[in-house]
Structure formats: C-alpha cells, structure tokens
Amino acid sequence: MSERQIGNLAQGRKAQIKILTAMLAAAVLCCMLATPAAAQAPPFYQPEQLDRMVSRVALYPDPLLAQVLAAATFPDQIPDAARWADEHHNLSGGQLAQAIDGDQLPWDPSVQALLPFPSVLTTMASDMDWTNDLGNAFLGQQQDVMYAVQRMRQRARDFGYLRTGPQMVVSGGPYITIMPARPDYVVVPYYDPVVVYARPRPGFFIGTAIGFRFGVALGVAFRPWGWGYNRIAWNERVVIVNNAPWHRTWVNRHEYVHPYEIRRTVVVHDDHRDHEWRERERREHEHEAERREHEREAERREHERQEHERQAHAREEHREAERREEHREAEHREARREEHREAEHHEARREEHREAEHHEARREEHHEEHRAVQEAHRDNQQVRREEHKDNQPRGKSEEHRNDNHDKNDHKRDGDGHGR
C-alpha cells in the first residue's frame, strides 16, 4: 500500500470520527433538551393557593369560565390575543367572527374563543404570573381547581353576594352553577374578590358588590369555537368545551389537540429559532421549578410552624379544659356538700317541728286530763251536795214550810184590813 493510499485511509477515518463525534454530541444535546421537559414534575398548589387563584373568575358564568380555564393553558398566546382583541374591539357578532376566521390567527381555538371578550383577555395578559399559575393548575390539578371554584362560590352565596338576577341564574343543589339568563348572551361580572368572599360590613349594600357592565351576544357565528356547547359537569368535575371533555393535562400538553370545527393554522418555525425558543423555555422551566421548590419549602416550613403552634395551642386548650373540668368537679362536689348540709338542716328543722308537735300534743293531753279531773271534781262536789241535802231532817223542813205559810196568810189578812 502506497503512502498516498495510507494518507487517504487515515483522512477517511478522521472524517468518520468527526461525523460520529458530531452525531454523538447532537444526541447528547437532544437528550439534554428533552430530559428536563419530560422529567419535569407538574407544580402543586395548596387549597389556599387555589382559592386565591380562582377567586378572580370563580363567579364567571360556567360557559365563560370553561373557556377561561382552557385558554389559560396556552399562556404564551394570551398577550398577542389581547392586543388583537383590543384592536378589533369595535367589531361584534358576525363581523368579528369573520375577522377572526379571515386573519387565520395562529392561536389555539380556546384562546380565539375569548376574542369577543377583550376585557377578559386584558385581565389575563396584565398578570401573566397569575395566568401561568391558573393554566398550570388546571393542567395538573383540574379537579382541585374545580373544588376551589365551588368553595369560593359557596362563600359568595353564603354572604349574600351571589344570587340570581336579570343577567345570571344561580342554582342551588350540591353544586353551585352559574348560567347566563339568556343562553346566547354572556355577561362578564365585575367584582372585588376582597369584598365578595368576606362577611359584609355593617351598613354595606351587597347588591352593588357584583356589577355587569359588559355582555357579548354569541350566536351561531361563534359555534365553531365551541360557544353554545361549553359547560361544566360539576358532578363529574369535567370541563366541556365544544361538547367534548377537555382532556389536556400536564403530561400530554404538547400533543393533545382538542376537537373544534374551525381549521387550525400551522405555523412553521425556523429550526434555529425553534431551538433557541426550546432552550429559553427549558431555562424558564428550570427557573420556575426552582422558584416553586423554594416556595414549597417555605410553605412546608410555614406549615410546620403553624402545626407546631396548633399543637401547642391544642395542648394549652387541653390543659385549660382539664382545669375547667377540675373546677367544675370541685364546684359539683361543693354543691353536693352544700345540698347535704341543706338536707341535714332541713331534717333537723323537721325533727324540731316534730318534737314541738309532740310537746304540743302532750300539753293538750295534760290539759284535757286536767279538765277531766276538774269536771270529775265538780261532779263529785255536786253529788256530795245533793247527798248532803238528802241527809237533812224532814220535820224541821216542814216546820219551816209551815212558818212560811203562816207568814203568807198573815200578810194577806193585813192586806184585807187595809182595804
């Protein structure tokens, strides 16, 4: 083999090594890009966080709330959609539907469905942290989000703010539903979450807490975006968009395509820009994951502190309950002793009363005996007198009677001489 052939062979091997090295580097880079996204766990929100998160939209009518929750899962599309809606705020009805369809907008149909509501999109675009959190929560904890909505609605109804009116119909039952008074006319409620989820202040007129300044007529022209077929099945905790359950989750968020009637616009990205976008998204996800981890750690420490305080408070309440129980037992024992002393006192008084009655009866008996003795004594005296009279001589008695008779005759004679 000549030196030239040997050199060519060596150069070929070097080229193969370079190609293999490049392919290996590309594979490693793809794994580095794919692994964080695949391995990234969904963020987790506590019930208190979810309550605060949904408080802004919990009182929206169910069809509008379904669209807001679905659109929040595409937070990167919200700012552009809000600008387009603001630029076309003078259009409505069929003209607005034609403009949306004619511009072949590159956003998901759930985002396009909110274009008739520029105020809602502005609210979402003005606080992207909240919109991101709401979308992530709905992707990872859909049922928990719906429970949070029901909790906030329950508070607003309990305090008298949420009730049926000309714009909305509020139902009772195990789940609170809010539906437009007219199915084809959706009104956006305006309210302050600080007010409607708290007990009203004395003198506050609750009828002004929820306002309705903006409504949209959604007829047949907006059916392709799901309007007229949007609702929430609260008993199953499922959001229905365009008459189909919304199954987009944290796991399938990159592949899931919800069924709509409108045609979708496919946007072709430059590979280099798409790589930069994925890299930026990866870094943002890592930063967001770190921030979430710090928040969870802080919440864990706060929860431990609160749990420690709660346990200390529970122990103090237990000790206080024991002291109260001991105090009540001492009072009960003292009351029983007092009742016993009172019973003894009453028994002594009853004994004294019986003794007095006995003495009185004895006295009456002695008195009766004395009277009987006196009666018997008088009877004996009477008997002795009678016996004494009976024992006197009879001659003397007759002489005495004769003397009396003579005296009476002499008196009569004297009276006759006088006449």
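Notes on the structure in this doc start here. (Residues numbered from 1 in each chain as written. Predicted model: local features only at pLDDT ≥ 70, side-chain atom pairs only at ≥ 80, totals over all residues. Heavy atoms only, no water.)

**A few points about the layout of surface pockets**
Here comes step 1: In this structure, the second largest pocket encloses a volume near 310 Å³.
Here comes step 2: As for the second largest pocket, its lining consists of Phe44, Gln46, Pro47, Glu48, Gln49, Arg52, Arg296, Glu299, Arg300, Glu302, His303 and Gln306.
Here comes step 3: Elements with a contribution of two residues or more to the lining of the second largest pocket: α2 (47-54) and α11 (271-391).
Here comes step 4: Broken down by element, the residue count for the lining of the second largest pocket peaks at six residues, all from α11.
Here comes step 5: For the lining of the second largest pocket, the residue count by class is two nonpolar, four polar and six charged. (1 Å grid on protein atoms, 1.4 Å probe; cavity = no way out; pocket = protein on both sides within 12 Å on 5 of 7 lines; lining within 4 Å. Points joined across faces, edges and corners; volume = space filled by probe spheres on them. Helix = DSSP H or I, 4+ residues; strand = E, 2+ residues; numbered from the N terminus. Nonpolar A, V, L, I, M, F, W, Y, C, P; charged D, E, K, R; others polar.)

**Focus: unusual backbone geometry**
Here comes step 1: Not every positive phi belongs to a glycine, and Gln104 is a case in point at roughly 45°.
Here comes step 2: Here Gln104 is to be found in the loop between α5 (93-102) and α6 (109-112).
Here comes step 3: Unusually for a residue other than glycine, Asn242 sits at a positive phi of about 55°.
Here comes step 4: Tracing the backbone through its elements, the reader meets Asn242 in the loop between β6 (238-241) and β7 (244-245).
Here comes step 5: We classify Asn242 as buried; its relative accessible area is 13%. (Buried < 20%, exposed > 50% of the residue type's maximum accessible area, 1.4 Å probe, protein only.)

**Some points on the packing of helix α4 (residues 78-87) against helix α7 (residues 118-126)**
Angle between the axes and distance between the axes are the two parameters that describe a pair of packed helices.
Here comes step 1: As a packed pair, α4 and α7 sit with axes 9 Å apart at the nearest point and diverge in direction by 145°. Handedness of the α4/α7 crossing: left-handed. Only Pro118, Leu121, Thr122, Met124 and Ala125 of α7 make contact with α4, whose side of the interface consists of Ile78, Pro79, Ala81, Ala82 and Ala85.
Here comes step 2: Residue composition of the contact of α4 with α7, by class: nine nonpolar, one polar and no charged. (Axes fitted to C-alpha atoms, helices over the stretch in contact; angles between N-to-C directions. Left-handed = near helix turned anticlockwise from the far one by under 90°. Contact = heavy atoms within 4.5 Å.)

**A look at the sheet that holds β7**
Here comes step 1: Strand order in this open sheet of three strands is β5-β6-β7, and the pairing throughout is antiparallel. Either end of the sheet is taken by a strand with one partner, and the two such strands are β5 (231-233) and β7.
Here comes step 2: Summarising the sheet, β5 and β6 pair through three bridges and their orientation is antiparallel. Its bridge partner lying in β6, Ile232 is registered against Val239.
Here comes step 3: Its contacts with the sheet place helix α3 (residues 62-71) against β5 and β6, and it is angled at close to 95° to β6. (Pairing = 2+ DSSP bridges.)

**Side note on the nonpolar core**
Generally speaking, soluble globular proteins have nonpolar side chains that are buried together.
Here comes step 1: Leu64, Val68, Leu115, Phe117, Trp227 and Val239 are the most contacted members of the largest nonpolar core, which totals 71 residues.
Here comes step 2: The element contributing the most residues to this core is α3, with seven residues.
Here comes step 3: In contact with Leu64, not counting residues within four places along its chain, are Leu114, Phe117, Val186, Val188 and Trp227. (Core = buried A, V, L, I, M, F, W, Y, C linked by side-chain atoms within 4.5 Å.)

**Some points on the pattern of salt bridges**
It is possible for side chains of opposite charge to pair when their charged atoms get near one another.
Here comes step 1: All chains considered together, the criterion is met by 24 salt bridges.
Here comes step 2: In this structure, Glu297 engages Arg301 in a salt bridge whose closest nitrogen and oxygen atoms are separated by 3.4 Å. Of this pair, Glu297 and Arg301 both sit in helix α11, four residues apart, roughly one helical turn.
Here comes step 3: Given the relative accessible area of 46%, Arg301 is considered partly exposed. (Salt bridge = Lys/Arg side-chain N within 4 Å of Asp/Glu carboxyl O.)

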